[in-house]
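Descriptive analysis of the structure
Here are the chains, one letter per residue:
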Amino acid sequence: MTTESTDIVKMLAEQRANFLITVRGITDEQARTRTTASELTLGGLLHHVVSNERHWMTVIADLDETSEFDMASAGSEYVMADDETVPGLIAEWEQVARSTTDALATLDLNLSVPVPTAPWAPERIWQTARFTVLHILREISQHAGHADIVREELDGANTTQTWASEAGMSF
């Protein structure tokens, strides 16, 4: 029997897998390469989705009514640091994903979560844990699309062709 939480866990896993196709087989140098007019890189996007999932699951776990957005980290949010590697970030994301899955096994999705205040949102708001987890899902999905474009510009690879190839189909 599936529950809302198991459906969310499954969808998160699917979207993580979609994103990871975009960084499959690339070097750290390629991960840091800009391929479009945007500043986004595959490594920067990978860094962001890992950081984003960890951050929001911590927000849920801590329920800190005094938390504030960390403006000092904002500038490096979409940057793969010099000491980071694609395999290292993937391993980190696997650990974060396991923690998320474990938390979702017992999380009350109706739990009211205080959102960190920020310069653009100075008043404290509250949202459900469900909304917060769905925000993580949206971030992964949105950035998987960005990463697919960056990857296609890098070497012509894209997620749809990879899925088709793995299924023994061509188009």
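What counts, and where the lines are drawn
Residues numbered from 1 in each chain as written. Predicted model: local features only at pLDDT ≥ 70, side-chain atom pairs only at ≥ 80, totals over all residues. Heavy atoms only, no water. Helix = DSSP H or I, 4+ residues; strand = E, 2+ residues; numbered from the N terminus. Buried < 20%, exposed > 50% of the residue type's maximum accessible area, 1.4 Å probe, protein only. Contact = heavy atoms within 4.5 Å. Areas by Shrake-Rupley, 256 points an atom, 1.4 Å probe, with all protein chains shown as cover. Lys, Arg positive; Asp, Glu negative; His and termini not counted. Charge placed at Lys NZ, Arg CZ, Asp CG, Glu CD. Axes fitted to C-alpha atoms, helices over the stretch in contact; angles between N-to-C directions. Parallel < 35°, antiparallel > 145°, perpendicular 65-115°, else oblique. Left-handed = near helix turned anticlockwise from the far one by under 90°. Nonpolar A, V, L, I, M, F, W, Y, C, P; charged D, E, K, R; others polar. Core = buried A, V, L, I, M, F, W, Y, C linked by side-chain atoms within 4.5 Å. Expected span 1.5 Å × (residues − 1). Phe/Tyr/Trp six-rings, centres within 6.5 Å; stacked < 30°, edge-to-face > 60°.

What follows covers the overall build of the protein chain. When you go through the protein chain residue by residue, the secondary structure sums to seven helices and two strands. Tracing the protein chain from N to C terminus, the helices and strands come up as α-α-α-α-α-β-β-α-α. Principal axes of the C-alpha set define a box for the protein chain whose edges measure 50 × 45 × 25 Å. Out of the 171 residues belonging to the protein chain, those deemed buried represent 41%. Sequence separation of at least 24 residues holds for 79% of the intrachain contacts in the protein chain that already meet a minimum separation of 6. When the accessible surface of the protein chain is totalled, it reaches about 9500 Å², and 55% of it is carbon and sulfur. Across the protein chain, the 11 positively charged side chains and the 27 negatively charged ones have centroids separated by 4 Å.

Time to look at the side chain of Glu 139. If you trace the backbone, Glu 139 turns up in helix H6 (residues 129-155). Apart from residues no more than four positions distant in its own chain, Glu 139 is found in contact with His 48, Val 49, Asn 52 and Tyr 78.

Right, let's talk about unusual backbone geometry for a bit. In this model, Leu 63 sits at a positive phi of 50°, which is unusual for a non-glycine residue. Its location among the elements puts Leu 63 in the loop between helix H3 (42-62) and helix H4 (71-74). Judged by its relative accessible area of 34%, Leu 63 falls in the partly exposed class.

What follows covers the packing of helix H1 (residues 4-21) against H6. Two elements in contact, H1 and H6, have axes separated by 8 Å at closest approach and are oriented at 20°. Accordingly, the angle class assigned to the pair H1 and H6 is roughly parallel. By crossing handedness, the relation of H1 to H6 is classed as left-handed. When H1 is examined against H6, the residues Glu 4, Ile 8, Met 11, Leu 12, Gln 15, Arg 16, Phe 19 and Ile 21 are found in contact with a partner set consisting of Arg 130, Val 133, Leu 134, Ile 136, Leu 137, Ile 140, Ser 141, His 143, Ala 144, Ala 147 and Arg 151. Grouping the constituent residues of the contact of H1 with H6 by class yields 12 nonpolar, three polar and four charged.

This next bit is on the nonpolar core. Membership of the largest hydrophobic core comes to 35 residues, with the highest contact counts inside it found for Leu 12, Phe 19, Leu 46, Trp 93, Leu 104 and Val 133. A per-element tally of this core places H3 first, with nine residues. Setting aside residues up to four positions removed in sequence, Leu 12 forms contacts with Thr 100, Leu 104, Val 133, Ile 136, Leu 137 and Ile 140.

Here Asn 52 shows up in helix H3. Looking at Asn 52, the relative accessible area reads 7%, which means it is buried. Here Asn 52 is in contact with Glu 77, His 135, Ile 136 and Glu 139, once residues within four sequence places are set aside.

Helix length check: H3, at 21 residues, gives a terminal C-alpha distance of 30 Å against a target of 30 Å (1.5 Å per residue), a fit within 8%. Burial runs high along H3: 16 of the 21 residues are buried. Two residues or fewer after H3 comes Leu 63, characterised by a positive phi angle close to 50°.

It is worth spelling out the environment of Ile 136 at this point. Along the polypeptide, Ile 136 turns up in helix H6. Contacts of Ile 136, omitting those with residues within four sequence positions, involve Leu 12, Asn 52, Glu 53, Trp 56 and Met 57.

Here we take up the packing of aromatic side chains. In this description, a pair of aromatic rings is defined by centroid distance and the angle of the planes. Applying the stated criterion to the full structure yields two aromatic pairs. Ring plane angle 85° and centroid distance 5.6 Å describe the contact between Phe 19 and Trp 93, whose orientation is recorded as edge-to-face. Of this pair, Phe 19 sits in helix H1 while Trp 93 sits in helix H5 (residues 86-104), placing them 74 residues apart in sequence. Trp 93 carries the same exposure label as Phe 19, and that label is buried.

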